[in-house]
Amino acid sequence: MKLDTLIGEPWADYGLIDSGHGKKLERYGRFRFVRPEPQAMWAPAGNDWRAAAEFVPGSDEDGGGRWTFAEPVPRDGWKLRWDNVSFTAQTTPFRHLGFFPDMAPVWNWMRERTVGLNAPECMNLFGYTGVGTLAMAANGAKMVHVDASKKSVEAARGNATLSGLNDAPVRWLIDDAAKFVAREVRRGRRYDGILLDPPKYGRGPEGEIWRLEEDLPRLIADCRRLLDENSRFLFLTVYAVRMSALAIGEMLAQVFRDLPGTVEAGELGVREEARGLILPTAIWARWSR
């Protein structure tokens, strides 16, 4: 199985400026932010870490903490753009800013995989605020966007409006991802591509419990049943640090062993502007043909 690194490069509205001593300094449009980053175990490149706000983690290693502001930042967000997709960035209680910039190379890769297809049908599970969904919809794909959070789906629909994609063929669904995929299997549905970015732990809209280590293999098996020899991809990202790229890659290799194509795995990373070093952010595995 091939191992690789997908590197997110800076673009006009986002960049990793500097990193080190367990933190990272980033630019999101006209604002700069400091956030915790345990993988930045080196020393930073510079001393100028002035920022509009910093996220100060709490004692809870599973995600507690708060933002401290050095200058005013619009609490309802501000507009950013990636390629032909516009969306809102916002300081959230969960330390991130409403989207995951390290996913940019994944959005490009999915677009490349569906070149030549007329209106490919794709699904984004755990779709959050929809930037991945809109990246594909803006490129002509018919999308199914699934997230258990009503607030996240509303934000995704707002991003569609910002992007001028209100009339794009997107089904916006507030649903439990695993249950929805199981229903799609029973309906005999198929897709050209599936993107999934599951959390370590989560709850569905009716209180369903999601535990990554327990529930991911079954979800992947069901996703496989929605793909066939004419499908193009499945892309899985995992941010749980106790898993390895080799582990999730082998899981995909076993589930997809009956389909032609290639299984690969590796890490996601973002290139720092100060020195060009790569800050690792997540692991991934994918099947494609």
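Above this text is the structure in question.
Everything in this summary refers to the structure shown in the same document. Computed from a prediction, not measured in an experiment: that's the story for all the values here.

**Quick notes on the pairing of strand E7 (residues 78-82)**
Argument step 1. By the alternation rule, side chains of E7 split into Trp78, Leu80 and Trp82, which are all buried, and Lys79 and Arg81, of which none is buried.
Argument step 2. Examined bridge by bridge, E7 and strand E8 (residues 85-89) share five bridges and lie antiparallel to one another. Bridging from a neighbouring strand, Trp82 pairs with Val85 of E8.
Argument step 3. Counting the residues in the hairpin turn of E7 and E8 gives two residues, including Asp83, whose phi is positive at 50°.

**Concerning the pattern of salt bridges**
Argument step 1. If you walk through the whole model with that rule in mind, you get 21 salt bridges.
Argument step 2. Among the salt bridges present, the one from Arg183 reaches Asp175, with a minimum N-O distance of 2.2 Å.
Argument step 3. Among the residues examined, Arg183 registers a relative accessible area of 24% and is labelled partly exposed.
Argument step 4. Through salt bridges with shared partners, a single ionic network connects Glu121, Glu184, Arg187 and Arg189.

**Points about helix H6 (residues 245-255)**
Argument step 1. What H6 keeps buried is the set Ala245, Ile248, Gly249, Met251 and Leu252. Down the axis of H6, the buried side of the element spans an arc of 155°, and every buried residue falls inside it.
Argument step 2. Buried residues along H6 sit in contact with helix H5 (212-225), strand E15 (233-238), strand E16 (262-271) and strand E17 (278-288).

**What to know about the nonpolar core**
Argument step 1. By size, the foremost hydrophobic cluster in this structure holds 50 residues, and its most contacted members are Tyr28, Phe33, Trp78, Phe99, Val106, Trp107 and Met110.
Argument step 2. Leaving out residues up to four positions away in the same chain, Met110 has contacts with Gly132, Met136, Leu195 and Phe233.
Argument step 3. In this structure, Val146, Tyr191, Trp210 and Leu236 belong to the second largest nonpolar core, which totals 36 residues.

**Some points on the environment of Met243**
Argument step 1. Checked against the element boundaries, Met243 lands in the loop between E15 and H6.
Argument step 2. Separated by 30 residues in sequence, Met243 and Glu213 have C-alpha atoms that sit 8.6 Å apart.
Argument step 3. Discounting residues that sit within four places of it in the chain, Met243 has contacts with Leu212, Glu213, Val238, Ile248 and Ile283.

**Considering the sheet that holds strand E6 (residues 65-69)**
Argument step 1. If you trace the five strands from one edge of the open sheet to the other, you get E2-E3-E4-E5-E6, paired in mixed fashion. Every other strand in the sheet has two partners, leaving strand E2 (14-20) and E6 as the edge strands with one partner each. Direction aside, neighbouring strands of the sheet carry axes that sit 20° apart on average.
Argument step 2. Across five bridges, strand E5 (residues 53-57) lies against E6 in antiparallel orientation. For Phe55, the partnering residue across the bridge sits in E6 and is Trp67.

**Some details on the packing of aromatic side chains**
Argument step 1. Going through the model one piece at a time under the given rule, you end up with 18 aromatic pairs.
Argument step 2. Geometrically, the ring pair formed by Phe100 and Tyr128 is tilted, given 5.6 Å between the ring centres and 40° between the ring planes. In this pair, Phe100 sits in the loop between E8 and helix H1 (104-113) while Tyr128 sits in the loop between strand E9 (121-125) and helix H2 (131-137), placing the two residues 28 residues apart along the sequence.
Argument step 3. The lysine or arginine in question, Arg75, covers the ring of Phe69, its NZ or CZ lying 4.0 Å from the ring centre.
Argument step 4. Its end group placed over the ring of Tyr191, Arg189 keeps NZ or CZ at 4.9 Å from the ring centre.

**Examining helix H3 (residues 150-162)**
Argument step 1. Along its 13 residues, H3 runs 19 Å from first to last C-alpha, staying within 8% of the 18 Å computed at 1.5 Å per residue.
Argument step 2. Among all positions of H3, only Ser152, Val153, Ala156, Asn159 and Ala160 are buried. In a view along the axis of H3, the buried residues occupy a sector of 110°, so they form one face of it. Of the exposed residues in H3, those oriented more than 90 degrees away from the buried face are Lys150 and Lys151.
Argument step 3. The inward-facing, buried residues of H3 contact E8, H2, strand E10 (142-147) and strand E11 (170-174).
Argument step 4. Trailing H3 by a residue or two, Gly164 shows a phi angle of about 70°, which is positive.

**Focus: a nonpolar patch on the surface**
Argument step 1. The grouping of Met1, Leu3 and Leu246 at the surface amounts to a nonpolar patch, some 300 Å² of accessible area in total.
Argument step 2. Its location among the elements puts Met1 in the segment before strand E1 (2-8).
Argument step 3. Relative accessible area serves as the criterion here: at 47%, Met1 is assigned to the partly exposed category.

**Some words on the sheet that holds E15**
Argument step 1. Pairing within the open sheet is mixed, and its eight strands lie in the order E1-E16-E17-E15-E12-E9-E10-E11. Pairing within the sheet leaves two strands with one partner each, and these edge strands are E1 and E11. Strand-to-strand, the axes of this sheet are offset by a mean angle of 20°, without reference to chain direction.
Argument step 2. Across four bridges, the pairing between strand E12 (residues 193-196) and E15 is parallel. If you follow Leu195 over to E15, its bridge partner there is Phe235.
Argument step 3. Strand contacts of H1: E1, E12, E15, E16 and E17, with the helix running at about 170° to E15, the strand carrying the most contacts.
Argument step 4. The strands that H6 touches are E1, E15, E16 and E17; relative to E17, the one it contacts most, it runs at about 10°.

Parameters and conventions
Residues numbered from 1 in each chain as written. Predicted model: local features only at pLDDT ≥ 70, side-chain atom pairs only at ≥ 80, totals over all residues. Heavy atoms only, no water. Buried < 20%, exposed > 50% of the residue type's maximum accessible area, 1.4 Å probe, protein only. Helix = DSSP H or I, 4+ residues; strand = E, 2+ residues; numbered from the N terminus. Pairing = 2+ DSSP bridges. Salt bridge = Lys/Arg side-chain N within 4 Å of Asp/Glu carboxyl O. Arc of directions from axis to C-beta. Contact = heavy atoms within 4.5 Å. Core = buried A, V, L, I, M, F, W, Y, C linked by side-chain atoms within 4.5 Å. Axes fitted to C-alpha atoms, helices over the stretch in contact; angles between N-to-C directions. Phe/Tyr/Trp six-rings, centres within 6.5 Å; stacked < 30°, edge-to-face > 60°. Lys NZ or Arg CZ within 6 Å of the ring centre and 35° of its normal. Expected span 1.5 Å × (residues − 1). Patch = residues over 30% accessible without salt bridge, like charges linked within 9 Å, V, L, I, M, F, W, Y side chains within 5 Å. Areas by Shrake-Rupley, 256 points an atom, 1.4 Å probe, with all protein chains shown as cover.

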